[in-house]
Amino acid sequence: MAHFGLQKLPDYQPGYNIPPGQKILSVVGLEDGGNKAVNLHWGLIPSWSKDRKISSRLINARAETLTEKPAFRNAYQHRRCLIPATGFFEWRTTETGKKPYHIHQPGNALFAFAGLWEHWEHEQETVYSCAIITTAANDKIAPIHDRMPVIITPDFYNRWLDKTNTAVDMADFLAADAYKIMLPSPISTRINSPLHNDAECLAEVAG
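Residues numbered from 1 in each chain as written. Predicted model: local features only at pLDDT ≥ 70, side-chain atom pairs only at ≥ 80, totals over all residues. Heavy atoms only, no water.

Thoughts on helix H1 (residues 70-78)
Here is step 1: Three or more residues of H1 are buried, namely Ala71, Phe72, Ala75 and Tyr76. Projected down its long axis, H1 carries its buried residues within an arc of 105°, all on one side.
Here is step 2: Buried-residue contacts for H1 involve strand E3 (60-62), strand E4 (80-85), strand E7 (111-122), strand E8 (125-136), helix H2 (157-161) and helix H3 (170-174). (Buried < 20%, exposed > 50% of the residue type's maximum accessible area, 1.4 Å probe, protein only. Helix = DSSP H or I, 4+ residues; strand = E, 2+ residues; numbered from the N terminus. Arc of directions from axis to C-beta. Contact = heavy atoms within 4.5 Å.)

If you want it as structure tokens, here you go:
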């Protein structure tokens, strides 16, 4: 709550292994300039979509095409959010299979992904959903994967959430280089099953 300037938190359970399609804690900006924590469905459903099943294809939004893609363009201008995390997982392809990594800050400190959110209504159903913005991997992450989530540094939180700021430039946030202190730690393939959701998922193994 202190990190994101929140007055309260919604009911949620911290997770060690959260797959798309679940509710994830997110922070949105309010009209009065304050912040609010909400639970959003991970997998964006554009307001114009006829079917919520599209969400499974919209878990990530490429930073390079945010202003071009109809699914993300409007949300990028008006509905940006922060998605709190202490780490994320990526898999490196090797001769013996895919090797998982836990990518995190020292001490598993709290940080935030850049996200977009949407409000979708169809018949009697209403869903608030989100997607995580990704960009091309830097030198640190490229040996593991060619893409990485965009991380917003704390000094940019207010600017990212500001609903009156519709002309945001992704380059400004990418230039902050939030990845300079990130650590890629090899972990066991236990993480490959979403049924495993405990601290053991983060245990480092020999590289």
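Re the layout of surface pockets
Here is step 1: Size it by volume and the largest pocket reaches roughly 1,300 Å³.
Here is step 2: Residue lining of the largest pocket: 48 residues in total, with Ile18, Trp42, Ala85, Gly87 and Phe113 positioned closest to the centre.
Here is step 3: Elements with a minimum of two residues in the lining of the largest pocket: strand E1 (23-29), strand E2 (35-42), E3, E4, strand E5 (88-94), E8 and strand E9 (147-149).
Here is step 4: Classifying every residue of the lining of the largest pocket gives 30 nonpolar, 14 polar and four charged.
Here is step 5: Roughly 160 Å³ of internal volume is contained in the second largest pocket.
Here is step 6: Forming the walls of the second largest pocket are Val28, Gly29, Leu30, Glu31, Lys36, Val38, Leu40, Trp117, Tyr128 and Lys163.
Here is step 7: The set of elements that each furnish at least two residues to the lining of the second largest pocket consists of E1 and E2.
Here is step 8: In terms of residue count, the dominant contributor to the lining of the second largest pocket is E2 (three residues). (1 Å grid on protein atoms, 1.4 Å probe; cavity = no way out; pocket = protein on both sides within 12 Å on 5 of 7 lines; lining within 4 Å. Points joined across faces, edges and corners; volume = space filled by probe spheres on them. Nonpolar A, V, L, I, M, F, W, Y, C, P; charged D, E, K, R; others polar.)

Topic: the pattern of salt bridges
Here is step 1: Counting across every chain of the model gives five salt bridges.
Here is step 2: Notably, a salt bridge pairs Arg52 with Glu125, separated by 2.4 Å at the nearest N-O pair. Of this pair, Arg52 sits in the loop between E2 and E3 while Glu125 sits in strand E8, placing them 73 residues apart in sequence.
Here is step 3: Residue Arg52 is classed as partly exposed on the basis of its relative accessible area, which comes to 29%.
Here is step 4: Look at Glu125 and you get partly exposed, because its relative accessible area is 31%.
Here is step 5: Residue Arg159 is joined to Asp172 by a salt bridge in which the shortest nitrogen-to-oxygen separation is 2.6 Å. Remark: Asp172 occurs in helix H3 and Arg159 occurs in helix H2; sequence separation between them is 13 residues.
Here is step 6: The class for Arg159 is partly exposed, based on a relative accessible area of 36%. (Salt bridge = Lys/Arg side-chain N within 4 Å of Asp/Glu carboxyl O.)

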